[in-house]
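Coordinates in review
Letter by letter, the chains look like this.
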Amino acid sequence: MASLQNSPSVYHTLSPYSFPQVGGAQKNHGMLSFCRRGLSFLVRAEQSSPNSFSLSQVRFGRRELIAVSVIAPWVSMVNQTSPSFAAETKKGFLLVTDKKDGYSFLYPFGWQEVVIEGQDKVFKDVIEPLESISVNVIPTIKQDIRDFGPPQQVAETLIKKVLAPSSQKTKLIEAKEHGADGKVYYTFEFVAQAPNFTRHALSAIAIGNGKFYTLTTGANERRWGKMKDKLQTIIDSFEIFNV
């Protein structure tokens, strides 16, 4: 059985702390590039539509992820000519389906897409900076998520190595396995504590199509009671399919 800790390709590709450091904001070929305290990200300057979205190389739990007042006017919504598109399927949520990479999930209506370099998709609330969804897809030779170990072991490794900075105190609350349509998923809940805030998060991971999928969503601990059902809906909706 392979260990996730001994899989450098997974760790280095998933790591949310490998951004190029770009200063200021630049406009290039319809994209805007921003940097805030060493965090580089791109925002599409495209025509907006009511249906949008894109994991994020986001520093999970970092308030400075996005300066909403600067970014909101340029947030793009994925149009239906893209491999990803959104459609309303549940009250208060939109469905994102990525036909190219083979996955789908629901996100709350009103959350907007930001494009973050090195990540597949990122959605976030325009008011609460810690409320977001990030999706990452990387190649793998493994056929099943269980090849990396049991849920708790894999979850603890991802949390410590990928999903939270080493400077934050983390705690795994729960990790479990479930299957759907012949696919195996691990889901887990954890908290990451920084000096000035605590982020409560949920993640779902799976393997299929020769790819390792990670979806993470979360909120500030102070809003967990209000947001937990909504975030759980996101996790429960996540599924991968053959492409």
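The structure this text deals with has already been given above.
The shown structure was predicted, so the numbers you read here are calculated from the model rather than taken from an experiment. (Residues numbered from 1 in each chain as written. Predicted model: local features only at pLDDT ≥ 70, side-chain atom pairs only at ≥ 80, totals over all residues. Heavy atoms only, no water.)

To continue, consider the layout of surface pockets. Roughly 200 Å³ of internal volume is contained in the second largest pocket. Taken together, the elements giving at least two residues each to the lining of the second largest pocket come down to strand 10 (169–180), strand 11 (183–193) and helix 4 (224–237). A per-element tally of the lining of the second largest pocket places helix 4 first, with six residues. Considered class by class, the residues forming the lining of the second largest pocket number four nonpolar, three polar and six charged. (1 Å grid on protein atoms, 1.4 Å probe; cavity = no way out; pocket = protein on both sides within 12 Å on 5 of 7 lines; lining within 4 Å. Points joined across faces, edges and corners; volume = space filled by probe spheres on them. Helix = DSSP H or I, 4+ residues; strand = E, 2+ residues; numbered from the N terminus. Nonpolar A, V, L, I, M, F, W, Y, C, P; charged D, E, K, R; others polar.)

If you look at the biggest cluster of nonpolar residues, it comprises 26 residues, and the most contacted ones within it are F105 and F238. Elements that contribute at least two residues to this core include exactly strand 5 (93–98), strand 6 (103–108), strand 9 (132–139), strand 12 (198–208), strand 13 (211–220) and helix 4. Per-element accounting of this core gives the leading share, five residues, to helix 4. (Core = buried A, V, L, I, M, F, W, Y, C linked by side-chain atoms within 4.5 Å. Buried < 20%, exposed > 50% of the residue type's maximum accessible area, 1.4 Å probe, protein only.)

A separate point is the environment of P150. For P150, the location among the structural elements is in the loop between strand 9 and helix 3 (151–163). Along the chain, P150 and Y186 lie 36 residues apart, while their C-alpha atoms are 8.7 Å from each other.

So, on to the pattern of salt bridges. Within this structure, the stated rule accounts for seven salt bridges. Here K121 ties to D98 by a salt bridge, and the two come within 3.3 Å at their closest N and O atoms. Of the two residues, K121 is situated in strand 8 (residues 121–124) and D98 in strand 5; the sequence distance between them amounts to 23 residues. We classify K121 as buried; its relative accessible area is 5%. A salt bridge links D101 to K211; the shortest N-O distance between them is 2.9 Å. On the criterion of sequence distance, the pair formed by D101 in the loop between strand 5 and strand 6 and K211 in strand 13 is long-range, its members being 110 residues apart. Note on K211: relative accessible area 17%, which makes it buried. Through salt bridges with shared partners, one network takes in E128, E131, R222 and R223. (Salt bridge = Lys/Arg side-chain N within 4 Å of Asp/Glu carboxyl O.)

With that settled, consider the pairing of strand 6. Taken across its six residues, strand 6 has six buried, putting it largely inside the fold. Of the two faces of strand 6, the one carrying Y103, F105 and Y107 and the one carrying S104, L106 and P108 are both buried. Note that strand 5 and strand 6 share six bridges and pair antiparallel. Residue pairing in the sheet places F93 in a bridge with P108 of strand 6. Hairpin connection, strand 5 to strand 6: the antiparallel pair is bridged by four residues, and G102 has positive phi, about 80°. As paired strands, strand 6 and strand 14 (residues 239–240) are joined by two bridges and run antiparallel to one another. (Pairing = 2+ DSSP bridges.)

On to the sheet that holds strand 7 (residues 112–113). The antiparallel open sheet is built from seven strands, whose spatial order is 7-8-9-13-12-11-10. Of all strands in the sheet, those bounded by a partner on one side alone are strand 7 and strand 10. Two elements, strand 10 and strand 11, share 11 bridges in a ladder whose sense is antiparallel. Residue pairing in the sheet places E177 in a bridge with Y186 of strand 11. Across the sheet, helix 3 is in contact with strand 10, strand 11, strand 12 and strand 13; its angle to strand 10 comes to roughly 130°. Contacts between helix 4 and the sheet are confined to strand 9, strand 11, strand 12 and strand 13, with strand 13 contributing the most and set at about 165° to the helix. (Contact = heavy atoms within 4.5 Å. Axes fitted to C-alpha atoms, helices over the stretch in contact; angles between N-to-C directions.)

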